[in-house]
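Here is what each chain is made of, one letter per residue.
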Amino acid sequence: MDGGNQSTVSEFVFLGLVHSWSMQVLLFMVFLILYLIIVSGNIVILTLIITDPHLHSPMYFFLAILSFVDMWLSSVTTPKMIADFLREYKTISFGGCMCQILFVHLIAGSEMVLLVVMAYDRYVAICKPLHYSTIMSLQRCIGLVLTSWTVGFVHAMSQMAVIVQLHFCGPREIDSFFCDIPLVIKLACMDSSDLGILTNADSGIVAVTCFILLLISYTYILLTVHQNSKTGASKALSTCSAHVTVIMIFFVPCIFIYVWPLNITWSDKFLAVLFCFYTSPQSSHLYTEK
């Protein structure tokens, strides 16, 4: 079809989470309060880590990066969703939609790898405590963070390379509160089933690989400590339980959206809210329970 990356659709229309006006007003107040708590909570964590010299360690360095990433992830889609609760006609420009897709996949991909990095940090701290300061040097910590952002960038650009080539000329309603690739691809003026499988596989490979690495890491930590000391195993289990909770609430929605699509509208919306909104306050705050 002529046009390549040209689109005759200048904007998309969100159908939102609910259709009742009273429910939209209620959700506006609820999500606004939660979003302010998320932002303020992560700012407090960042401020404490930066200003307190006792927290200038690799563990809290990664925690500060995680807080920043969480705050950014929730800010990509949440302000728009909150504002749309008070609008009858919920639209987003084509460029704005592409930006949402780009930043959601960039930040989410980076956070997945960052969680693996934090698991590696816990592995070194618990299993090789005498070599911790040598292994987790400042240069290595910065390199690991840069690696997480590089993986996220490559993942996001691989997704964008597919979607910017699509031609949109027909339906423009997205049954959600933000732009995501599986929903946007369905609106293309072509048979997009193969592209949908390709993009889902891309996201699925990143999510499943990181998820498996995390499970292996924490299993190995617990088994290693258990062989040395039952008391140590109990302490390690307490330390890792918060991490595993973060892993589950972050990866399970992502895996169900991209790896095992449910094709049930209400469940897709619930998982999308959980992935883009609820995970953010949980990740940083649960990690502070170390």
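Every chain's residues receive numbers from 1 upward, in the order its sequence appears when written. Residues qualify for local features only when their pLDDT is at least 70, as the model is predicted, and side-chain atom pairs are given and counted only at 80 or more; totals for whole chains, interfaces and linings, by contrast, use all residues. Only hydrogens and water are set aside; all other atoms, that is, all heavy atoms of the structure, feed into the side-chain values.

(A) Structural view of the sheet that holds strand β1 (residues 11-14). Pairing within the open sheet is mixed, and its 3 strands lie in the order β2-β1-β3. Of all strands in the sheet, those with a lone pairing partner are β2 (91-93) and β3 (173-174), marking the two edges. The criterion for strand pairing is that DSSP finds at least two bridges linking the strands in question. Each helix is a run of H or I in the DSSP string that is no shorter than four residues. Each strand is a run of E no shorter than two, and both are numbered from the N terminus. Here 2 bridges tie β1 to β3, and the two strands are oriented parallel to one another. Opposite Phe 14, over in β3, you have Ile 174 as the bridge partner.

(B) Just the packing of helix α2 (residues 58-84) against helix α3 (residues 94-127), in detail. Between α2 and α3, the least distance of the axes is 10 Å, while the angle of their chain directions is 160 degrees. Taken together, the axis directions place α2 and α3 in an arrangement best described as roughly antiparallel. When the axes of α2 and α3 are compared, the crossing they make is left-handed. Under the grouping applied here, Gly and all other residues not named as nonpolar or charged are polar, the nonpolar ones being Ala, Val, Leu, Ile, Met, Phe, Trp, Tyr, Cys and Pro and the charged ones Asp, Glu, Lys and Arg. Here the residues of the contact of α2 with α3 are counted per class, giving 19 nonpolar, 2 polar and 5 charged. Helix axes use the C-alpha atoms of the stretch in contact, all axes being lines fitted to C-alpha atoms, and the angles between their N-to-C directions lie in the range 0 to 180 degrees. Under this scheme an angle from 65 to 115 degrees is roughly perpendicular, one under 35 degrees roughly parallel, and one over 145 degrees roughly antiparallel; angles in between are oblique. Whether a crossing is left-handed or right-handed is set by the direction in which the near helix is turned from the far one by less than a right angle, anticlockwise for left-handed and clockwise for right-handed.

(C) Quick look at the pattern of salt bridges. The term salt bridge refers to a pairing of a side-chain nitrogen on Lys or Arg with a carboxyl oxygen on Asp or Glu at a separation within 4 Å. On inspection of all chains with the given rule, the structure shows 4 salt bridges. In this structure, Asp 84 and Lys 80 form a salt bridge, with 3.3 Å as the shortest nitrogen-oxygen distance. One end of the pair is Asp 84 and the other is Lys 80, both in helix α2 and 4 residues apart, which spans about a single turn. Since its relative accessible area comes to 3%, Asp 84 is described here as buried. Judged by relative accessible area, which is 18%, Lys 80 ranks as buried. Using a 1.4 Å probe on the protein chains alone, a residue whose accessible area is under 20% of its type maximum counts as buried, one over 50% counts as exposed, and one in between counts as partly exposed.

(D) Focus on α3. An expected span of 1.5 Å times one less than the residue number is assigned to each helix. Spanning 34 residues, α3 covers 50 Å between terminal C-alpha atoms, matching the ideal 50 Å at 1.5 Å per step. In terms of residue burial, α3 counts as a mostly covered element, since 25 of its 34 residues are buried.

(E) Structural detail: the packing of aromatic side chains. Think of it this way: a Phe, Tyr or Trp ring, Trp meaning its six-membered ring, pairs with another when their centres are within 6.5 Å, and the plane angle makes it stacked under 30 degrees, edge-to-face over 60, tilted otherwise. What the rule picks out here adds up to 11 aromatic pairs. Each ring, one from Trp 72 and one from Trp 149, has its centre 5.8 Å from the other, and the planes form 40 degrees; the classification is tilted. One end of the pair, Trp 72, is in helix α2; the other, Trp 149, is in helix α5 (residues 138-163), with 77 residues separating them in the sequence. For Trp 149, a relative accessible area of 22% puts it in the partly exposed group. Aromatic side chains Tyr 123 and Tyr 220 sit 5.7 Å apart centroid to centroid with 50 degrees between the ring planes, which places their arrangement in the tilted category.

(F) Highlighting a nonpolar patch on the surface. Patch membership requires over 30% relative accessible area and the absence of a salt bridge. Like charges are linked within 9 Å, and nonpolar side chains (Val, Leu, Ile, Met, Phe, Trp, Tyr) within 5 Å. In short, Shrake-Rupley with a 1.4 Å probe defines the accessible areas, and a residue's cover is counted only from the protein chains shown. A cluster of nonpolar side chains, namely Met 23, Leu 26, Met 29, Val 30, Ile 33, Leu 34 and Ile 37, defines an oily patch on the protein surface of about 590 Å² accessible area. Here Leu 26 shows up in helix α1 (residues 21-51). You can call Leu 26 partly exposed: its relative accessible area is 40%.

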